Amino acid sequence: MGKMAKSSLYVLACLILAGLFLRIWNFPSRYELRDVDELGYTYGGMLLWEGLSPGFKMSPAGVQTWISWLYCAGKSSINLIRDWGKDSLPAAVRPFYAVDQALFETYRDTSTLRQFTVGIIVLISLAGVWAAYQMGFRRAGISGGLLSGGLTAMLPIFVQASGMAKPYMPAWSFGIIAHYFAALPATPARLTAGAIFMGLAASSRIEMLLFFPIILWEVWNENRSGKFIRLSLRFILISTASILLVSPWLLTNLLGNIRTIATVRLSAASTQDYLGPMMKDFAWLEGLSLVALLIVIGLAISPRDKRCFHWVLLGIFLILFLTMLKPTPYGLRHHGATVVAGIVLSPLALSGIQRFYTKTAIILSVALLILPALHSVTTAASDRSAYTPDRATEWVEQHVPPGTTVYLSPTLHDPLPTRRSSDALWADVTSGQAWERKFQQSLSRFNIPGSRTPRSLSEENMIQERGNRRRWFILGAGPQNELPRFDIKIISGGSPFDLTPDEAISRFVENGGAFILRQLRQPEFQRPPDILGVPKATWTGLRGQSVSVYLKPHEYH
């Protein structure tokens, strides 16, 4: 191994260790729910294990869904093997009880599955760091590998997404890995691998299809002969097969997906509400403005023999960048294809400098990584400081009489519902008119009168609600043990079947019960309303945000 190879290996090892350190430092605590969507994505594989469609929206979350599916399948298999010798049940029905027990235990405390999922996501993200470095080194030596690998390891949005059970980081990492294989000299095995990983990326987040033209450009760049059309068609077919095999619900719910994508992408609030903050994040927090400038300049002044090919690539990148001008309320994470494009194209733009000024290229790479590195540290520190201990469930189970009405915003571990409460929550989303109630709420967002409610797509429109409520349905009829059960009322700001915070407070004040107020989950409460009274128990985080339990009447103790 030569000196250059050793240097390259050391740089790669440092980047992977830096990425690993940031991700371990940012790893969530057991009951720390950083985003409400983590629950829905985690439930996806549990629903699929039952044979139901995952409760997805515009994100198929294929890889993450199968992680949860395998977890539940493993627990069910253990239960079945452990209880196989019992004679109390016929063999034909034992699998039903094994599955029911596994799902009950997982829904009861989802923290282990969530942390298991996040752990796998961290490993996938580190594989992305390796692929980004290898591709960058091939394009522009150590400077190129340092830049692309460093961005993948230390971008704040990547570090933050690696700490949540959501499909963003797998989608971005698989896109980078797909690009690595496509950028190598073409062989059938490499093209197949690239196509499969591209399928995994798009089956995790559908907007990664926007990254597909860059992958095809790489196939074209490596195969400028007449083989390009044949190779590209093969690549597209394998990618499509990979997408549908991993996320077949994309096809079975095609119209619903298109409807949701159009709703989120095209009918969001006015652009100026979101464009400024998102571009500020892109330029300052992520430090990608100078990387984008490097790509524009580097590709525009390419050598004459490559200029026309690089100008095509530059055009694709600029189109991706222009898509950011129509943002959604969810910020930069909905433009992951553009961020990934910036990472994988930066070494190519740097290659001209590296060819003649190697030290300058390395210095430039280090300079471009300063902002992302600093802000990834502050982002991870901010996420850690936002942690608030949450022992409300244990406290309610110990101090509140069984059967009491409990108002709560769902998290990873909640009090168990009574059978009656469970059935009522499930009936909300399965009643004959539930679909109409959901559609009427959707119409109200567009100020459209509900004179006629279409019945087409009504079942698909209910997938998310039924997926979220499935947990409570299963918990209501699980193993009958000594744990207390309560009349659960769910607080939410989105679903028409949940109570709004104001409705929950009004009912609590009028009828009594227990009210679990999680300020992180209900940010509209900058301070608890005085009408709730004095909390019986409170847990406070470093930022002053708290989890509190209020009781009425106050003699509960």
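Residues numbered from 1 in each chain as written. Predicted model: local features only at pLDDT ≥ 70, side-chain atom pairs only at ≥ 80, totals over all residues. Heavy atoms only, no water.

K.L.:
Just give me the short version of the overall build of the protein, but keep the residues and values in it.
P.N.:
For the protein, the helix and strand inventory stands at 22 helices and six strands. Principal-axis analysis of the C-alpha atoms gives the protein an extent of 80 × 55 × 50 Å. Counting across all 557 residues of the protein, residues that qualify as buried make up 52%. Considering only contacts in the protein between residues 6 or more positions apart, those separated by 24 or more positions represent 76%. (Helix = DSSP H or I, 4+ residues; strand = E, 2+ residues; numbered from the N terminus. Buried < 20%, exposed > 50% of the residue type's maximum accessible area, 1.4 Å probe, protein only. Contact = heavy atoms within 4.5 Å.)

K.L.:
Tell me about the pattern of salt bridges, residues and numbers included.
P.N.:
Tallied over the entire structure, the rule returns 19 salt bridges. Among the ionic pairs, Lys438 bridges to Glu465, the shortest N-O distance being 3.0 Å. Of this pair, Lys438 sits in helix α20 (residues 434-445) while Glu465 sits in helix α21 (residues 463-475), and the two are 27 residues apart along the sequence. Classification of Lys438 by relative accessible area gives buried; the value is 6%. Under the relative-accessibility criterion, Glu465 is labelled buried at 9%. (Salt bridge = Lys/Arg side-chain N within 4 Å of Asp/Glu carboxyl O.)

K.L.:
Please give an account of the pairing of strand β1 (residues 405-408) that cites residues and values.
P.N.:
Taking every second residue as pointing to the same face, both faces of β1 are buried, with Thr405 and Tyr407 on one and Val406 and Leu408 on the other. Pairing between β1 and strand β3 (residues 485-490): four bridges, direction parallel. Across the sheet, residue Val406 finds its bridge partner in β3, namely Ile488. Note: β1 against strand β4 (residues 513-518), two bridges, orientation parallel. Bridge pairing in β4 places Val406 opposite Ala514. (Pairing = 2+ DSSP bridges.)

K.L.:
Can you lay out a nonpolar patch on the surface for me, pointing to particular residues and giving the numbers?
P.N.:
A cluster of nonpolar residues, Leu244, Leu251, Leu254, Leu255, Ile258 and Leu457, forms a patch on the protein surface that exposes about 540 Å² of accessible area. Among the elements that line the nonpolar patch, the one with the most residues is helix α12 (residues 254-266), at three residues. Along the chain, the position of Leu254 falls in helix α12. On the basis of relative accessible area, Leu254 is assigned to the partly exposed category, the value being 41%. (Patch = residues over 30% accessible without salt bridge, like charges linked within 9 Å, V, L, I, M, F, W, Y side chains within 5 Å. Areas by Shrake-Rupley, 256 points an atom, 1.4 Å probe, with all protein chains shown as cover.)

K.L.:
Outline the packing of aromatic side chains, listing residues and values.
P.N.:
All told, the structure shown has 20 aromatic pairs when counted by the stated rule. Measuring from centroid to centroid gives 5.7 Å for Tyr168 and Trp172, while their planes differ by 45°, and the two rings are tilted. Taken as a pair, Tyr168 and Trp172 lie in helix α7 (residues 168-182) at a separation of four residues, close to a single helical turn. Relative to Phe235, the ring of Phe212 has its centre 5.9 Å away and its plane inclined at 70°; by these criteria the two rings are edge-to-face. With Phe212 in helix α9 (residues 212-222) and Phe235 in helix α10 (residues 228-246), this residue pair connects regions lying 23 residues apart in the sequence. Comparing Phe212 with Phe235, the two get one shared label, buried. Through a chain of ring-to-ring contacts, three or more aromatic side chains come together here, namely Trp130, Phe174, Tyr180, Phe181 and Phe197. (Phe/Tyr/Trp six-rings, centres within 6.5 Å; stacked < 30°, edge-to-face > 60°.)

K.L.:
Lay out unusual backbone geometry in plain terms, naming residues and giving numbers.
P.N.:
The peptide bond linking Lys552 to Pro553 adopts the cis configuration, its omega dihedral lying at 0°. Within the secondary structure, Pro553 is located in the segment after β6 (546-552). The backbone of Leu457 shows a phi angle near 65°, a positive value even though the residue is not glycine. The residue Leu457 is located in the loop between α20 and α21 in this model.

K.L.:
Residue-level account of the packing of α7 against helix α16 (residues 336-356), with values.
P.N.:
Following both chains from N to C, one finds α7 and α16 inclined at 40°, their axes separated by 10 Å at the closest point. Put simply, α7 runs oblique to α16. Crossing of α7 over α16 shows right-handed handedness. Facing Trp172, Ile176 and His179 of α7, the residues of α16 in contact are Gly336, Val340, Ile343 and Val344. (Axes fitted to C-alpha atoms, helices over the stretch in contact; angles between N-to-C directions. Parallel < 35°, antiparallel > 145°, perpendicular 65-115°, else oblique. Left-handed = near helix turned anticlockwise from the far one by under 90°.)

K.L.:
I'd like to hear about the nonpolar core, residue by residue, with values.
P.N.:
The biggest cluster of nonpolar side chains holds 81 residues, and the ones touching the most others in it are Phe158, Trp172, Met198, Met208, Phe211, Ile214 and Phe235. In contact with Phe235, other than residues within four places in its own chain, are Leu191, Gly194, Ala195, Met198, Phe212, Ile215, Leu216 and Val219. Membership of the second largest hydrophobic core comes to 33 residues, among which are Phe104, Ala392, Leu408 and Ala514. (Core = buried A, V, L, I, M, F, W, Y, C linked by side-chain atoms within 4.5 Å.)

K.L.:
I'd love a proper account of the sheet that holds β6, names of residues and values included.
P.N.:
Pairing in this open sheet of six strands is mixed, and the strands run β2-β3-β1-β4-β6-β5 from one edge to the other. The sheet is open, and its two borders are formed by β2 (416-417) and β5 (537-540), each paired with just one other strand. Where β5 lies against β6, four bridges are found, and the strand directions are antiparallel. Looking at β6, one finds that Thr540 is bridged to Ser546.

K.L.:
Could you give an account of α21, naming the residues involved and the relevant values?
P.N.:
The end-to-end C-alpha distance of α21 is 19 Å, a good match for the 18 Å that 13 residues give at a rise of 1.5 Å each. Where α21 bends most, at Arg469, the angle is about 35°. Most of α21 is tucked away: ten of the 13 residues are buried. Turning to α21, its buried residues are Ile463, Gln464, Glu465, Gly467, Arg469, Arg470, Arg471, Trp472, Ile474 and Leu475. (Expected span 1.5 Å × (residues − 1). Bend = angle between axes of the 7 residues up to and from the residue.)

K.L.:
So what about the side chain of Asp35? Which residues, and what values?
P.N.:
Following the sequence through the fold, Asp35 ends up in the loop between α1 (3-25) and α2 (37-50). Not counting chain neighbours up to four residues away, the residues in contact with Asp35 comprise Met164, Lys166 and Arg333.

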